[in-house]
Amino acid sequence: MKQFNLTAYEPTANAYSVRQRIRNELLLLRGRWHIILLGLAFQYVHGIFTQLAYRMHQPAAQPLHDVGFQLVPELPAGARWVSEAIFTVLLLSFIGWTFTPLLQQRNFSTAVLWTRLLTVLVVCQSLRILSFSSTQLPGPAPHCHAGTATATVPRVTAWWQHLVVDVKRQVATSCGDLIFSSHMTFILTGVLAFTHYGSKRLAKAAGWAAAAVLAVLIISARKHYTVDVVIAWYTVPMVYTLLHVYWRQRCSSSYALLPTTADAEERAAAAAGKAAVHCCVTGVPASNKPDL
């Protein structure tokens, strides 16, 4: 009897599997692209308000009294890049991980995850805008101290100039947008998602450890007061948890699992009724289990 070499068909099967996953993601994206687009567009809105906070900044010769500054030594000027490097590595690693369902089987969908996480970010950033717009604290960073050229920026002469965000200046020398830490908002959102959807306990523990190290380095670099970091550590998990509890309660209990493909979503919708498909913000019902 003729024996077939199944190994020769594996690359073809893998390629088909990847194409199928991409197709499923595109189908899931079809009902969520507007939410993702709005979430990304809100990053520009957030940039407008952080720039406005910079224009309203009232510098002081010395930062406010801070217990964290007494406990954590200040980083030398030449080592302040360390916190930014850790933040960048963590953020890019997390973004890359969200796209892994395109290459291998996961218990989540990229389109669904991005929709939910951008919703969490928008809520957290809205709270952040309300906070730093209400009370302007003198920046603790050396470039925000009174007498330095970067402590303030010129007032605008026309309203439309508020809409032009100087990204380079905002990244390098921004002052005033302190409560609460934007760096920790992004990283904690990513770590919380990875804790729910990640499969390796060691990697999850490493993520939380890296977030803790980043928090200490942000304080050590004097980029934020300790209160800015502390508020982020309880606000982001609170928003993350409340939103997902809300989604679970709004969505039909007929869904046993979070759909990871368009076909699964259609089958679940047929079982639960059409009205259940859009019963929550993302359009995808959450699991009865406490996943995301």
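Residues numbered from 1 in each chain as written. Predicted model: local features only at pLDDT ≥ 70, side-chain atom pairs only at ≥ 80, totals over all residues. Heavy atoms only, no water.

Let us look at helix α5 (residues 110-134). Spanning 25 residues, α5 covers 36 Å between terminal C-alpha atoms, matching the ideal 36 Å at 1.5 Å per step. Looking at where α5 begins, the residue whose side-chain oxygen comes 3.3 Å from the main-chain nitrogen of Ala111 is Ser109. (Helix = DSSP H or I, 4+ residues; strand = E, 2+ residues; numbered from the N terminus. Expected span 1.5 Å × (residues − 1). Polar contact = N/O pair within 3.5 Å; in protein donor to acceptor, adjacent residues only side chain to side chain.)

Tallied over the entire structure, the rule returns four salt bridges. Between Arg169 and Asp166 there is a salt bridge; the shortest N-O distance is 4.0 Å. Residue classification places Arg169 among the partly exposed positions, given a relative accessible area of 22%. (Salt bridge = Lys/Arg side-chain N within 4 Å of Asp/Glu carboxyl O. Buried < 20%, exposed > 50% of the residue type's maximum accessible area, 1.4 Å probe, protein only.)

As a further point, take unusual backbone geometry. Note the cis peptide between Ile179 and Phe180, where omega equals -5 degrees. Structurally, the position occupied by Phe180 is in the loop between α6 (167-173) and α7 (182-197).

Quick look at helix α8 (residues 201-220) now. Compared with the 28 Å implied by 1.5 Å per residue over 20 residues, the 29 Å span of α8 between its first and last C-alpha is a close match. The first or second residue beyond α8 is Arg222, which carries a positive phi of 60 degrees.

This part takes up the state of the cysteines. Covalent bonding between the sulfur atoms of two cysteines defines a disulfide. Under the definition given, this model contains one disulfide. Between the sulfur atoms of Cys144 and its disulfide mate Cys175 the distance is 1.9 Å. On the sign convention where negative is left-handed, the bridge of Cys144 and Cys175, at about -95 degrees about the S-S bond, is left-handed. Note that Cys144 is positioned in the loop between α5 and α6 and Cys175 in the loop between α6 and α7, a separation of 31 residues in sequence. An identical accessibility class is assigned to Cys144 and Cys175; each is buried. (Disulfide = S-S within 2.5 Å.)

Next up on the list: the side chain of Ser182. Summarising the element assignment, Ser182 is placed in helix α7. With a relative accessible area of 16%, Ser182 lands in the buried category.

This brings us to a nonpolar patch on the surface. Together, Ile22, Leu26, Leu29, Trp33 and Leu37 make up an exposed nonpolar region whose accessible area comes to about 480 Å². Elements with a minimum of two residues in the nonpolar patch: α1 (10-30) and α2 (33-56). The element that contributes the greatest number of residues to the nonpolar patch is α1, accounting for three residues. Note that Leu37 resides in helix α2. (Patch = residues over 30% accessible without salt bridge, like charges linked within 9 Å, V, L, I, M, F, W, Y side chains within 5 Å. Areas by Shrake-Rupley, 256 points an atom, 1.4 Å probe, with all protein chains shown as cover.)

It is worth spelling out the packing of α5 against α7 at this point. Where α5 contacts α7, the axes come no closer than 11 Å and their chain directions differ by 150 degrees. The crossing of α5 and α7 is right-handed. Of the residues in α7, those in contact with Leu113, Leu117, Val120, Leu121, Cys124, Gln125 and Arg128 of α5 are Ser182, Thr185, Phe186, Thr189, Ala193 and Tyr197. (Axes fitted to C-alpha atoms, helices over the stretch in contact; angles between N-to-C directions. Left-handed = near helix turned anticlockwise from the far one by under 90°. Contact = heavy atoms within 4.5 Å.)

Here Ser181 shows up in the loop between α6 and α7. Only 3.4 Å separates the side chain of Ser181 from the backbone nitrogen of His183, close enough to count as a polar contact. Setting aside residues no more than four positions away along its own chain, Ser181 makes contact with Arg128, Ile218, His224, Asp228, Val229 and Ala232.

Per-residue pLDDT for the protein has a mean of 81; in total, 80% of the residues score no lower than 70. In this model, residues 252-263 is a region of pLDDT below 50 whose contacts with residues beyond four sequence positions or in other chains number 44 contacts. Across residues 272-292 the pLDDT falls below 50, and counting only partners more than four positions away or on other chains, this stretch makes 68 contacts in the model. (pLDDT = per-residue confidence, 0-100.)

It is worth spelling out the environment of Phe180 at this point. By relative accessible area, which is 2% here, Phe180 ends up buried. Each C-alpha atom of the pair Phe180 and Val229 lies 6.4 Å from the other, and the pair is 49 residues apart in sequence. Non-local contacts of Phe180, meaning those with residues more than four positions away in its chain, are made with Cys124, Leu127, Arg128, Thr185, His224, Asp228, Ile231, Ala232 and Thr235.

Evaluation of the coordinates by the stated rule reveals seven aromatic pairs. Their ring planes at 25 degrees and their centres at 5.7 Å tell us that Phe69 and Tyr225 sit as a pair that is stacked. Here Phe69, found in helix α3 (residues 67-71), pairs with Tyr225, found in the loop between α8 and α9 (226-250); they are 156 residues apart in sequence, far enough to count as distant. When sorted by exposure, Phe69 lands in the same class as Tyr225, which is buried. Relative to Trp97, the ring of Phe94 lies with its centre 5.6 Å away and its plane at 35 degrees, an arrangement referred to as tilted. Of this pair, Phe94 and Trp97 both sit in helix α4 (residues 81-98), three residues apart, which is roughly one turn of the helix. Both residues of the pair, Phe94 and Trp97, count as buried. Taken together through their ring pairs, the aromatic side chains of Phe94, Trp97, Phe108, Phe194 and Tyr197 make up a single cluster. (Phe/Tyr/Trp six-rings, centres within 6.5 Å; stacked < 30°, edge-to-face > 60°.)

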